[in-house]
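Next come the chains, spelled out residue by residue.
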Amino acid sequence: MANNRQTDCFLDLYKRLETAAAKVVSAKARGSIVLNLADHPRFARYRSELDCCREVRNLLAHEVRINGDFAVTPGDATIAFLEKILAMIEAPSLARSCATPTARLLTAKESDSVCWLTRKMEERGFSHVPLLKNGVVDGVFSEHVLFESLQASRSLTITADTTLASFAEFLPIGRTINKLYRFLPATATIDDAAAAFDRAKTRRSTKIVFLTEHGDPSEPLIGLLSPNDVLDIL
């Protein structure tokens, strides 16, 4: 009887997973909805385990029994696996859990030296540096700014005295929102952030996702994510 209870638990969890997976799997997907879950970046690493659960469920669905007991009894590890996948869907991690908080960011102001800032960027491994005004993202400095400036003037001279103010035309965040940069609310999930970086969905190459309380650019910055931050979680 204990084996039957274990099997019933497995079947109940699998049924819940089928319902939950519908929130993640594309409506155009065909075949097993659970196996299609493996096409999602966050679940791709579990393809073999999901396929195994699918095959076990298909066998149990035919109620193959020997002396009244199910012919196959899912083990504790299998039950734990289904519970883990369900938790990942029903209670996904927030994007801010892998974001770099504002307090740890390299930030800048227009009076800062370009040479100083680029050295700091290299030292700390930052490719994009927000310019904050009262905690709000006012602009972003990156190699893209230098490239745009070079394109506009056909020449580029930087000395030890050159400050970010020399590139003021190319710094405002308003020029690049929804092009290079996106804003998401503090409640955004890892999947929301991944979708923001997905070129196939946005048709643009998002470089940085900024997090604010409600996803409003006029709100103080909470933290930011790069594509690598999200890939480390997926």
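Summary of the structure given here. (Residues numbered from 1 in each chain as written. Predicted model: local features only at pLDDT ≥ 70, side-chain atom pairs only at ≥ 80, totals over all residues. Heavy atoms only, no water.)

**Some thoughts on the overall build of the chain**
Using the following cut-off: Secondary structure elements are taken from DSSP: a helix is a run of H or I of four residues or more, a strand is a run of E of two residues or more, and numbering for both begins at the N terminus. Radius of gyration means the value over C-alpha atoms here, while the globule rule gives 2.2 Å times the residue count to the 0.38 power. Between buried and exposed lies partly exposed: a residue is buried under 20% and exposed over 50% of the maximum accessible area for its type, with that area taken using a 1.4 Å probe on protein chains only. When checking whether two residues touch, look at their non-hydrogen atoms; a contact exists if any pair is within 4.5 Å. Under the convention used here, a 1.4 Å probe and the Shrake-Rupley method define accessible areas, while residue burial counts only the protein chains that appear. Counting rule applied: Lys, Arg positive; Asp, Glu negative; His and chain ends not counted. All charge positions are set by atom: Lys at NZ, Arg at CZ, Asp at CG, Glu at CD.
From N to C terminus, the chain includes 9 helices and 8 strands. Taking 234 residues into account, the globule formula puts the C-alpha radius of gyration at 17 Å, and the chain, at 25 Å, lies well above it. A buried classification covers 40% of the 234 residues belonging to the chain. Taking all contacts inside the chain whose residues are at least 6 apart in sequence as the whole, residues at least 24 apart take part in 61%. Carbon and sulfur atoms provide 50% of the accessible area of the chain, an area that totals close to 13,200 Å². The averaged location of the 29 negative side-chain charges in the chain is 4 Å from the averaged location of its 29 positive side-chain charges.

**Quick notes on the pairing of strand β4 (residues 128-133)**
We apply this condition: Two strands pair if DSSP finds at least two bridges between them.
Here β4 pairs with strand β5 (residues 136-142) via 6 bridges, running antiparallel. Counterpart to V129 in the pairing with β5 is F141.

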